Amino acid sequence: MKEIVAKDQVDLGSARCVQLAFAGMVFRLFRSLITVAILGMAVAFLAHMLAYSVMSGESVRRIWLELEADRTLGVQLRRLESPDPAATILTHWQRRDDSRMAEHRAWAGLNEADAAEIQRIADAVRVFERTIHSFSPRQRAILAGDRGTLELLNALADASTREAFLERNRQLERTVPLGSAEALTRLAEEDWPALQKSLARVRAGHLRATGTLEASLSPQTLGETLIATPGRVEELAAAAGFDLQGMDFPRLAAFAGDARLQRRIEETLGSMVIRRALSRSLNVPVADVHNLRLLTWLADSPGHAEEFDALLAEAEAFEPLGAADVHRVAARALHVRRLQRLVPEAPDLDAADSLFGLDTSARWLILLAFLVCVIGVANAMLMSVTERFTEIATMKCLGAMDKFIMLMFVFEAAIQGLLGGIFGAVLGLVLAWIRGASEFGNTLAVAPVLGAVLIAALSALGIGILLAVLAAVGPSLVAARLAPMEAMRVE
Amino acid sequence: MTVPQPSPQTDPAERRAVIVRTLNLEKVYGSGDAATYALNGVDSAIYRGELIAIMGPSGSGKSTYFNMIGALDAPTKGRILIDEVDVAQLSAAELAFLRCRKIGYIFQSYNLIRYMTALENVTVPMTFSGTSPEEAHRRGMELLDLVGLGERWQHRPIEMSGGQQQRVAIARSLANQPQILLADEPTANLDLKTGEEILGILRRINEERGVTVICSTHDHRLLHLCHRIMWIRDGKVERVERREDLRIKTGKIGGES
Ligand SMILES: Nc1ncnc2c1ncn2[C@@H]1O[C@H](COP(=O)(O)OP(=O)(O)O)[C@@H](O)[C@H]1O
Ligand SMILES: [Mg+2]
């Protein structure tokens, strides 16, 4: 017998594969478009979730910081007028607020050793608080009743209460705060009472300082002096033993001024004459003339503020407040109200770092959407393969290798993934923007997170292609393994 | 039993080279009680350059025989030698090479690719053989001219009649200058006149290009165009005749021309 003169079939590049896949897709345009649409929807969903999460997270962060700035000014003002509660003083130590701690040491006459002792116990209390907070609300209710964490610590000074607490803690199989019953006993019986004494000493020192400041300003009040001559208050506060680091007195004065103006605007509603006049201007019953309505009306247009000021000028008991300022303060008050409604609590600023800040339920939802999408696309691809049995088998008769057929279908899916992905990513971004804008209005942060938003869109696009290819693997294998003799079959 | 040899009485020109040989070929579909012996010990030899008709009633195993000698499916038993190479020994890539260059396939239902033009259909096998696009275009046009469809190279299958589609399929089967053409009932879906045209083209290809043409058909007009006839019945070769013998014996069949 002759020696075998068989040669291997040449391997083709992928360009021809893509070309054939594309031609096949165009031929089945309608069906392909449905697949593209399915993929597009899934990608749009993901892109929208990611982009919205990024934008809203950043918006919330910025709003919170803006509100924090206002809150800080309030805290600084209050600190000059009245002493901090013990719990607040404790927080300053736990957070190692150097400026406050220096003040505390001066007020209470603490030496290095005293300060180190306070620091040690404050940290232990923090560990105790953290442990209690790590329990579920139900467990916390069982262990602490309706006591706050520090109240619980007070109660644990009593041996029998402590025994009961430890017993329930054992039953719930939770960790003992501070690691051991001995450490807990020491904190509750010795350290915490000692710390409370130190805190009381600091508070007394703070009280003295506010008293000194008040006396040196007398007969004027702090607020009035601050608004008129912020520099004087700064000097006197420093003299009274306040640490003024981080305090901007002109800003503090402006803040106090705005707060006073807002108070005065609100006070006008106490007068029936003004209420009646406003009821006509606002076109609502007298009973409905309230704070928020007035502020909204004033913020609405400078003309309204002028009308209001004219009203005050006519009324006997009032003086005009300055239309421009009234308008500005009302607008600012409404803005802050809106921000407070948008971000009522401190956001978890760390959450934004993990996977575009998506929470668990959002992740499950995305996973589910993708599962549905993969199944849908796999089904469509399988149909595409099944109805092309003869075509595939014919190609194999004409010399196509399994790999080529496989690639052809994988490329078909990849092209569909790319098209659906581009369409979906754009749609998702638009949806996220619309949703964000309707929720956050002009406080929606887009520009600062544009990079992350684009990365979100691109990852959604990439995942779309990946999903399409993943869904195509099975059907493509079916196609690649088809016997060439199927071409001979006649229906 | 001795090693099976092609029946000695078939061709006096015994010296002609055998291009396809099957030895004790068996193909069983299913198993146990449901087993169907589509082929049941087929010994055959097809000579280089001949036009052979495979005749037999429906279900006799013609298509199965074509699948075997076209290297499209593996036999249950027996051997297939194409150009003296045992098909069973070939790797997947070598099989693809064989199907691409050595054999041209013509199907009953044409099997053109629906989204391709006539020319694109003809050049598909050239793509698989790695021919450059320019060369493929040139040769594709030549082949379309050969089957009389040079003008219609841009038409898609739905724009063509069955006869035209089958002519495109013939052009496609010649794409890589195969030595063997396998045509399984190429005229079954066509009317008489168009069928005759197709058979005429096959005959011309056989004569002008020396391609071995193996054609199964119910069309008795093929009988006077072919060199030999292989009769298959119930998965066995019933007899193999030369056309001359056929004329003498059953003059009526071929005598209409
Ligand atoms: N894929 C298959 N599975 C089971 N039986 C088959 C298959 N292909 C063909 N057969 C059977 O094998 C026999 C021969 O079929 P076939 O080769 O198609 O005959 P022909 O082409 O001469 O009409 C028939 O009985 C048919 O039913
Ligand atoms: Mg058949």
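What counts, and where the lines are drawn
Residues numbered from 1 in each chain as written. Chains lettered and ligands numbered in written order. Predicted model: local features only at pLDDT ≥ 70, side-chain atom pairs only at ≥ 80, totals over all residues. Heavy atoms only, no water. Helix = DSSP H or I, 4+ residues; strand = E, 2+ residues; numbered from the N terminus. Buried < 20%, exposed > 50% of the residue type's maximum accessible area, 1.4 Å probe, protein only. Contact = heavy atoms within 4.5 Å. Areas by Shrake-Rupley, 256 points an atom, 1.4 Å probe, with all protein chains shown as cover. Rg over C-alpha atoms; globule rule 2.2 N^0.38 Å. Lys, Arg positive; Asp, Glu negative; His and termini not counted. Charge placed at Lys NZ, Arg CZ, Asp CG, Glu CD. Salt bridge = Lys/Arg side-chain N within 4 Å of Asp/Glu carboxyl O. Pairing = 2+ DSSP bridges. Axes fitted to C-alpha atoms, helices over the stretch in contact; angles between N-to-C directions. Phe/Tyr/Trp six-rings, centres within 6.5 Å; stacked < 30°, edge-to-face > 60°. Lys NZ or Arg CZ within 6 Å of the ring centre and 35° of its normal. Expected span 1.5 Å × (residues − 1). Polar contact = N/O pair within 3.5 Å; in protein donor to acceptor, adjacent residues only side chain to side chain. Domains from an automatic or database assignment. Patch = residues over 30% accessible without salt bridge, like charges linked within 9 Å, V, L, I, M, F, W, Y side chains within 5 Å. Buried area = accessible area lost by both parts, 1.4 Å probe. Nonpolar A, V, L, I, M, F, W, Y, C, P; charged D, E, K, R; others polar. Near = heavy atom within 4 Å. Left-handed = near helix turned anticlockwise from the far one by under 90°. Core = buried A, V, L, I, M, F, W, Y, C linked by side-chain atoms within 4.5 Å.

### A few points about the overall build of chain B
Tallying secondary structure elements over chain B gives 8 helices and 10 strands in all. Of all 257 residues assigned to chain B, the portion counted as buried reaches 58%. A sequence separation of at least 24 residues applies to 69% of the contacts in chain B between residues at least 6 apart. Here chain B has roughly 11100 Å² of accessible surface; of this, 49% comes from carbon and sulfur atoms.

### Here's the deal with the overall build of chain A
The helix and strand inventory of chain A stands at 20 helices and 0 strands. Against the 2.2 N^0.38 benchmark of 23 Å for 491 residues, chain A shows a C-alpha radius of gyration of 35 Å, more extended than a compact globule. The principal-axis extent of the C-alpha atoms belonging to chain A is close to 120 × 70 × 40 Å. With the model as given, the accessible surface of chain A reaches about 25000 Å², and the carbon-plus-sulfur share is 60%. On chain A, the mean spot of the 50 positive side-chain charges and the mean spot of the 57 negative ones are 5 Å from each other.

### Describing the pattern of salt bridges
Residue and element names in this part refer to chain A. Using the criterion set out here, one finds 39 salt bridges over all chains in the structure. Residues arginine 28 and glutamate 391 are paired through a salt bridge, measuring 3.4 Å at the closest nitrogen-oxygen approach. Residue arginine 28 is located in the loop between helix 1 (14-27) and helix 2 (29-81), and its partner glutamate 391 is located in helix 18 (residues 389-397); the two are separated by 363 residues in the primary sequence. By the burial criterion, arginine 28 is buried, and glutamate 391 matches it.

### Some details on the sheet that holds strand 5 (residues 85-86) of chain B
Residue and element names in this part refer to chain B. Taken in spatial order, the 4 strands of this open sheet run 2-1-4-5, and their pairing is antiparallel. Looking at which strands have only one partner, the edges of the open sheet turn out to be strand 2 (36-47) and strand 5. The strands touched by helix 1 (residues 62-69) are strand 1 (18-29), strand 2 and strand 4 (77-82); relative to strand 1, the strand with the most contacts, the crossing angle is about 120°.

### Here we look at the packing of aromatic side chains
For the structure shown, the criterion picks out 4 aromatic pairs over all chains. Summarising the aromatic geometry, the rings of phenylalanine 27 of chain A and tyrosine 115 of chain B are spaced 5.8 Å apart at their centres and angled 45° between planes, so their arrangement reads as tilted. Of this pair, phenylalanine 27 of chain A sits in helix 1 while tyrosine 115 of chain B sits in the loop between strand 6 (103-106) and helix 3 (118-128), placing the two residues on different chains. Over the ring of tryptophan 64 of chain A we find arginine 71 of chain A, and its NZ or CZ is 4.3 Å from the ring centre. Note that arginine 435 of chain A overlies the ring of tyrosine 52 of chain A, its terminal NZ or CZ placed 3.7 Å from the centroid.

### Concerning helix 5 (residues 112-134) of chain A
Residue and element names in this part refer to chain A. Here helix 5 spans 33 Å end to end across 23 residues, near enough to the 33 Å set by a 1.5 Å rise per residue. Here helix 5 has its buried residues at Ala115, Ile118, Gln119, Ile121, Ala122, Ala124, Val125, Phe128, Glu129, Thr131 and Ile132. Looking at the buried positions of helix 5, the neighbouring elements they touch are helix 3 (86-94), helix 4 (98-108), helix 6 (137-144), helix 7 (149-155), helix 8 (159-171) and helix 9 (181-217). Where helix 5 begins, the capping side chain belongs to asparagine 111, and its oxygen is found 3.1 Å from the backbone nitrogen of alanine 113.

### Focus: the domain arrangement of chain A
Accessible area lost upon the coming together of the parts serves often as the stated size of an interface. Under the domain assignment, chain A is made up of domain 1 (14-67 + 351-489), domain 2 (84-252) and domain 3 (255-346). Here the C-alpha centroids of domain 1 of chain A and domain 2 of chain A sit 55 Å apart.

### Some points on a nonpolar patch on the surface
Residues Leu418, Ile422, Val426, Val430, Trp433 and Ile434 of chain A make up a contiguous nonpolar surface patch of roughly 550 Å² in combined accessible area. Assignment of secondary structure puts tryptophan 433 of chain A in helix 19 (residues 402-440).

### Quick word on the interface of chain B and chain A
On the chain A side, the residues contacting the 37 residues of chain B number 34 residues. Taking both partners together, chain B and chain A bury about 3400 Å²; carbon and sulfur atoms supply 67% of that area. Counting across the interface, chain B meets chain A through 0 salt bridges. The interface formed by chain B and chain A contains 4 residue pairs in polar contact (both at pLDDT 80 or more). Per element, the largest residue contribution to the side of chain B that touches chain A is 7 residues, and it comes from helix 2 (residues 92-102) of chain B. A class-by-class count of the residues in the side of chain B that touches chain A yields 18 nonpolar, 9 polar and 10 charged.

### Considering the environment of aspartate 97 of chain A
All names here are of chain A. As for its placement among the helices and strands, aspartate 97 is situated in the loop between helix 3 and helix 4. On the basis of relative accessibility, which here comes to 27%, the residue aspartate 97 falls in the partly exposed class. In this structure, the C-alpha to C-alpha distance between aspartate 97 and arginine 251, residues 154 residues apart in sequence, is 22 Å.

### A few points about the side chain of serine 129 of chain B
Counting through the fold element by element, serine 129 of chain B comes out in the loop between helix 3 and helix 4 (133-146). Within the structure, serine 129 of chain B has its side chain in polar contact with the side chain of asparagine 176 of chain B (distance 3.0 Å).

### What to know about the site of ligand 1
Residues and elements named next belong to chain B. Within the structure, ligand 1 sits among Tyr29, Thr36, Ala38, Pro57, Ser58, Gly59, Ser60, Gly61, Lys62, Ser63 and Thr64. One of the side-chain N or O atoms of serine 63 is found 2.7 Å from an oxygen atom in ligand 1. Coverage of ligand 1 by the protein amounts to 64% of the 560 Å² it exposes when considered alone. Of all the secondary structure elements, the ones that give two or more residues to the shell around ligand 1 are strand 2 and helix 1.

### Details of the packing of helix 2 of chain A against helix 19 of chain A
Residue and element names in this part refer to chain A. Between helix 2 and helix 19, whose axes approach to 5 Å, the crossing angle comes to 35°. The handedness of the crossing between helix 2 and helix 19 comes out as right-handed. Taken together, the residues of the contact of helix 2 with helix 19 break down into 20 nonpolar, 13 polar and 2 charged.

### Notes on the pairing of strand 3 (residues 51-55) of chain B
Looking along a regular strand, one sees the side chains alternate between the two faces of the sheet. Residue and element names in this part refer to chain B. Within strand 3, 5 of the 5 residues are buried, leaving the element largely enclosed by the surrounding structure. Residues Leu51, Ala53 and Met55 point to one face of strand 3 and Ile52 and Ile54 to the other, with burial holding for every one of them. Of the strand pairs in this sheet, strand 3 and strand 9 (residues 228-233) are connected by 4 bridges, and their pairing is parallel. By the bridge assignment for strand 9, isoleucine 52 is matched with arginine 228.

### Observations regarding the nonpolar core
Within the largest apolar cluster, 81 residues are counted, with the highest numbers of intra-cluster contacts made by Met395 of chain A together with Tyr65 and Ile214 of chain B. The next biggest cluster of nonpolar side chains, apart from the first, holds 41 residues, and it includes Ala183, Val211, Ile229 and Trp231 of chain B.

### Structural notes on unusual backbone geometry
Each neighbour pair has its own omega, and for serine 218 of chain A with proline 219 of chain A the value is 10°, a cis peptide bond. Within the fold, proline 219 of chain A resides in the loop between helix 9 and helix 10 (222-228). In this model, asparagine 111 of chain B sits at a positive phi of 55°, which is unusual for a non-glycine residue. Here aspartate 234 of chain B, not a glycine, exhibits a phi torsion of approximately 50°, which is positive. Turning to its location among the elements, aspartate 234 of chain B is positioned in the loop between strand 9 and strand 10 (236-242).

### What about helix 4 of chain A?
Residue and element names in this part refer to chain A. Three or more residues of helix 4 are buried, namely Ser99, Arg100, Met101, Glu103, His104, Trp107 and Ala108. Taken together, the buried residues of helix 4 touch helix 2, helix 3, helix 5 and helix 9. At the exit of helix 4 stands glycine 109, carrying a positive phi of roughly 60°.

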